[in-house]
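Overview (structure and organization)
Residue-level listing of the chains:
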2 protein chains.
Amino acid sequence: MAEVRKPIPVEEAISHVWDHRLNGKAEFVSINDCDNRRLAEDIVAKHPVPPFPKSPYDGFALRSEDTLEADRDNPMTFEVVEHIGAGQLPEKRLHKGQATRIMTGAKIPEDADCIAMFEICQVHEQDNRSFMSVKRTIASGQNIIEKGSEVADGEKLINRGTLISPGTKAVLATFGYSQVKVAKKPVIGVIATGTELLDVDEELKPGKIRNSNAYMITSQIIRAGAEYKYFGKLEDELKTSYETIKQALNEVDILITTGGVSVGDFDLMPAIYEKLDADVLFNKVAMRPGSVTTVAAAGGKLLYGLSGNPSACYVGFELFARPAIQYYLFNQTPFLRRIKAILANDFPKPNPFTRFVRSYITYENGRVNANLAGIDKSNVVTSLAHSNSLMILPGGTRGFKAGDEVEAMLLNDQQGQSEFLLE
Amino acid sequence: MAEVRKPIPVEEAISHVWDHRLNGKAEFVSINDCDNRRLAEDIVAKHPVPPFPKSPYDGFALRSEDTLEADRDNPMTFEVVEHIGAGQLPEKRLHKGQATRIMTGAKIPEDADCIAMFEICQVHEQDNRSFMSVKRTIASGQNIIEKGSEVADGEKLINRGTLISPGTKAVLATFGYSQVKVAKKPVIGVIATGTELLDVDEELKPGKIRNSNAYMITSQIIRAGAEYKYFGKLEDELKTSYETIKQALNEVDILITTGGVSVGDFDLMPAIYEKLDADVLFNKVAMRPGSVTTVAAAGGKLLYGLSGNPSACYVGFELFARPAIQYYLFNQTPFLRRIKAILANDFPKPNPFTRFVRSYITYENGRVNANLAGIDKSNVVTSLAHSNSLMILPGGTRGFKAGDEVEAMLLNDQQGQSEFLLE
């Protein structure tokens, strides 16, 4: 009665998407606007760190050879010839018996080769001159941070594709990257289809529900680091739907539609792919939820036909769209990080297809637990709000028990992995 | 020679901050702009979900009693009196021997009480009328999603203070929250002090380094969900510094300065707190790095004096400022999530103070490992770029070995915990 589709494994579906993935572009943004962007180039040290030998403490810069005979009974006294703070330059080189009072971060004077911390020094004034004394020998190099000892000039520090975090931004500032070369955000179009859909500000009407998928996906797009363009919702009517989708494709890098991909009487997407002359990469995947997820390629762009069912839509995006966006952003670990965890609840229902189950991760004494996020009905959106991972339950004839080892894909993780499968 | 300060434990320092934490405010934003904001109210179901009984599949709606005598040898035939898609309303109530062709998501017609999926039905046309037949009994309620079976009207779904994720946004859209009541972002002022500091776009000069702390902190502020206001950098000069800081305090909720909090000759912050008549909550904490971290309260505002040392500055913000910001944002778990992990490297250097060591978390067969992020010199910013956690190494007389159990605070986690210490 309906077209019969042959499901393909998730891995195979992903490899089809990968064959058609889009290459990213770079752009420059001010360092003030670079947070949460991804680097489009490796960050390299433009000078040694520190750029000059400096003092890690408040104290006195000395010539170590002048302290050789100092001990508890024989303090050595030095005349303090200069007083410098961080950012001030020492102007005097030290001669025998001279010291420079120096603050943390200041440059070491010429011919000084060690720092005596304040705590071990005595100071006194005499005839309007300043003196200090020490009662111990100080080794050459002691308490001096040598030029380049932290970072050598030209050293590669951060990889292209890295998400810019507070630490990354500090490195960028240190080396004067006032303009930062970052990955351009791909523009992802979103269209919701379905005669049953109301706008979010409409009153509920009999037989209708509000459009939640489009809002959910725009949020997933933002989380993935891309930019969204929302083209509204469409009734299940072929001509208008085809024209809107064709036009939208021109304005975006990737287009995502929700709904209409199944084989129901009002599911128009298959006919639209045909009219667009799009290359349908797959339209049935051996997974739950989201088995009707469709991906097509047209004119060098990717066209995702996600299910109208919220959790199927959510999973379809994370599995097939997010990695392609990450690749566009130069992320070298574009797939969701997949970790092993202990299942915290029973999941007795077997399924022939691989399940991606909404879940959240907890930690217990150094072990990772994966917990079911509410009832796993495929149409319950509420549990999506409490999920931070998708648990992977392989298809088969048996269910799963609390205590079983499972895999989980982390949704808020910034690390990722380079391949879809565990390495 | 210098003022002697008495270090207090980290927990005590945090409880001083907590005594002076600021209460947050709420504001409304469009659902289009609500991503990554925190809810300022509980989200409650404004209607049952689904709002009407609906079909989970494409199939035929029937009266179960009409199928009672159906079996393989005795198919029961029904006249198809209506054909409805999702969003269309059934207009006909079913009488004996009648069926409605119905698509996924559509409302169940009156007097129908079960759905026969397409896969088990035969259809035929006769005299311009449509018929279908089934060869089995279908139970009352089968394949019907009852009104309110997923969410009851008035049910509390998501807590105030929750970060708005894709799943949360879907829930907001479902219930028509076109305007979302979110926590107002507190405005955090940032001032960098230090004569040694150059702007990020300045050429390196002898004895000077670029200001990286201010950029790092603005990024930490963004990560914490607040808004920053940068007042620039100040030379170590008392009058201008005092006036700038006094003025800045008027324009922000919380003010963060970096540098100048130690007891060096050019450390002006202690004098400025005095001139401001600020209540210094503490100025020495038994921790590394960041022992000179200072927090003061003035005019109902918090004034953070973080160290000029980048990693001390970073840790000071995460430990003392971030939880206060989270509280302002109604986050009910405002402290960084603290988990147990296995130390992956030796850390032989003992320290009398608790250490917060830059680290990153990895997962191995269901176990959590905490790895050192590069050399732990307190002035190396590069390793901050590779950190996603702060390992907590208790003070004492011994070092730590790979394999030891340690605690780690997760920097990119969205969960948090309600108290600073492990519960």
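Residues numbered from 1 in each chain as written. Chains lettered and ligands numbered in written order. Predicted model: local features only at pLDDT ≥ 70, side-chain atom pairs only at ≥ 80, totals over all residues. Heavy atoms only, no water.

**Some words on the overall build of chain A**
Within chain A one finds six helices and 24 strands. By the compact-globule yardstick of 22 Å for 423 residues, chain A is too spread out, its C-alpha radius of gyration being 32 Å. In chain A, once contacts between residues fewer than 6 apart in sequence are set aside, the share between residues at least 24 apart is 72%. Taken together, the 48 basic and 55 acidic charged side chains of chain A have centroids lying 4 Å from each other. (Helix = DSSP H or I, 4+ residues; strand = E, 2+ residues; numbered from the N terminus. Rg over C-alpha atoms; globule rule 2.2 N^0.38 Å. Contact = heavy atoms within 4.5 Å. Lys, Arg positive; Asp, Glu negative; His and termini not counted. Charge placed at Lys NZ, Arg CZ, Asp CG, Glu CD.)

**Examining the pairing of strand β15 (residues 254-258) of chain A**
Residues and elements named next belong to chain A. Counting buried residues along β15, five of its five residues qualify, which places the element largely inside the surrounding structure. In β15, alternate side chains face the same way, and those of I254, I256 and T258 on one face and L255 and T257 on the other are all buried. Sheet analysis places strand β11 (residues 187-193) next to β15, joined by five bridges and oriented parallel. Pairing of G189 across the sheet is with L255, part of β15. The sheet contact formed by β15 and strand β19 (residues 301-306) spans five bridges and is parallel. Counterpart to T258 in the pairing with β19 is L306. (Buried < 20%, exposed > 50% of the residue type's maximum accessible area, 1.4 Å probe, protein only. Pairing = 2+ DSSP bridges.)

**What to know about the UniProt feature "domain: MoaB/Mog" (unreviewed entry) in chain A**
The positions that UniProt labels "domain: MoaB/Mog" (unreviewed entry) are, in the present scheme, residues 189-327 of chain A. Strand forms 28% of residues 189-327 of chain A and helix 37%; the C-alpha atoms that close the span are 17 Å apart. (UniProt positions renumbered as here; feature names shortened; annotations may be inferred.)

**Some remarks on the side chain of T168 of chain B**
In this fold, T168 of chain B is placed in helix α2 (residues 166-174). Given the relative accessible area of 0%, T168 of chain B is considered buried. Discounting residues that sit within four places of it in the chain, T168 of chain B has contacts with A385 of chain A together with L39, I158 and L163 of chain B.

**Concerning the packing of aromatic side chains**
Scanning all chains against the criterion turns up 13 aromatic pairs over all chains. Between Y215 of chain B and Y230 of chain B, the aromatic rings sit 6.3 Å apart at their centres with planes inclined by 55°, giving tilted as the arrangement. Highlighted residues: Y215 of chain B in helix α3 (residues 213-223) and Y230 of chain B in strand β14 (residues 227-234), separated in sequence by 15 residues. Residue class for Y215 of chain B comes out buried when judged on its relative accessible area of 9%. Since its relative accessible area comes to 29%, Y230 of chain B is described here as partly exposed. Looking at K275 of chain A, its charged tip hangs above the ring of Y242 of chain A, at a distance of 4.7 Å from the centre. Stacked on the ring of Y177 of chain B, the Lys or Arg K46 of chain B has its end atom at 4.0 Å from the ring centre. (Phe/Tyr/Trp six-rings, centres within 6.5 Å; stacked < 30°, edge-to-face > 60°. Lys NZ or Arg CZ within 6 Å of the ring centre and 35° of its normal.)

**Some thoughts on the relation of the copies chain A and chain B**
With an axial shift of 0.0 Å and an RMSD of 0.1 Å, the rotation relating chain A to chain B amounts to 180°. The transformation just described matches what one would write down for a two-fold rotation axis. In terms of proximity to the rotation axis, the leading residue of chain A is R367 of chain A, whose C-alpha is 2.3 Å off the axis. The share of interface residues of chain A whose copies in chain B are also at the interface is 100%, consistent with both copies meeting through the same surface. (Least-squares fit on C-alpha atoms with pLDDT ≥ 70 in both.)

**Describing the sheet that holds β14 of chain B**
Residue and element names in this part refer to chain B. Taken in spatial order, the six strands of this open sheet run β14-β11-β15-β19-β18-β16, and their pairing is mixed. Edge strands, defined here as strands with exactly one partner in the open sheet, are β14 and β16 (279-282). Pairs of neighbouring strands in the sheet enclose a mean axial angle of 20°, with direction left out of account. Here strand β11 (residues 187-193) pairs with β14 via six bridges, running parallel. Bridged to T193 within β14 is L234. Here α3 sits on the sheet in contact with β11, β14, β15 (254-258) and β19 (301-306), set at roughly 165° to β11. Sheet strands touched by helix α4 (residues 238-251): β11, β14, β15, β18 (294-298) and β19. Its angle to β14, the strand with the most contacts, is close to 170°. (Axes fitted to C-alpha atoms, helices over the stretch in contact; angles between N-to-C directions.)

**Examining the pairing of strand β23 (residues 389-393) of chain A**
All names here are of chain A. With respect to burial, β23 is a largely interior element, five of its five residues being buried. The alternating pattern of β23 places S389, M391 and L393 on one face and L390 and I392 on the opposite face, and all of these are buried. Bridging between strand β21 (residues 354-364) and β23 involves five bridges; their strand directions are antiparallel. Paired with S359 across the bridge in β23 is S389.

**Quick look at the interface of chain A and chain B**
Counting residues at the interface gives 89 residues for chain A and 90 residues for chain B. Approximately 7400 Å² of surface area, both sides summed, lies buried where chain A meets chain B, with 60% of it carried by carbon and sulfur atoms. At the surface where chain A touches chain B, the tally comes to two salt bridges. Between chain A and chain B we count 21 residue pairs in polar contact (both at pLDDT 80 or more) in total. The biggest single contributor to the side of chain A that touches chain B is helix α2 (residues 166-174) of chain A, with nine residues. Its residues placed into classes, the side of chain A that touches chain B shows 42 nonpolar, 30 polar and 17 charged. (Buried area = accessible area lost by both parts, 1.4 Å probe. Salt bridge = Lys/Arg side-chain N within 4 Å of Asp/Glu carboxyl O. Polar contact = N/O pair within 3.5 Å; in protein donor to acceptor, adjacent residues only side chain to side chain. Nonpolar A, V, L, I, M, F, W, Y, C, P; charged D, E, K, R; others polar.)

**Observations concerning the packing of helix α3 (residues 213-223) of chain A against helix α6 (residues 310-328) of chain A**
Residue and element names in this part refer to chain A. Contact geometry for α3 and α6: axes closest at 10 Å, N-to-C directions at 25°. If you check the angle between α3 and α6, you find them roughly parallel. Judged by the sense of rotation from one axis to the other, the crossing of α3 with α6 is right-handed. Facing N213, M216, I217, Q220, I221 and R223 of α3, the residues of α6 in contact are P310, C313, Y314, F317, E318 and R322. Its residues assigned to classes, the contact of α3 with α6 shows seven nonpolar, two polar and three charged. (Parallel < 35°, antiparallel > 145°, perpendicular 65-115°, else oblique. Left-handed = near helix turned anticlockwise from the far one by under 90°.)

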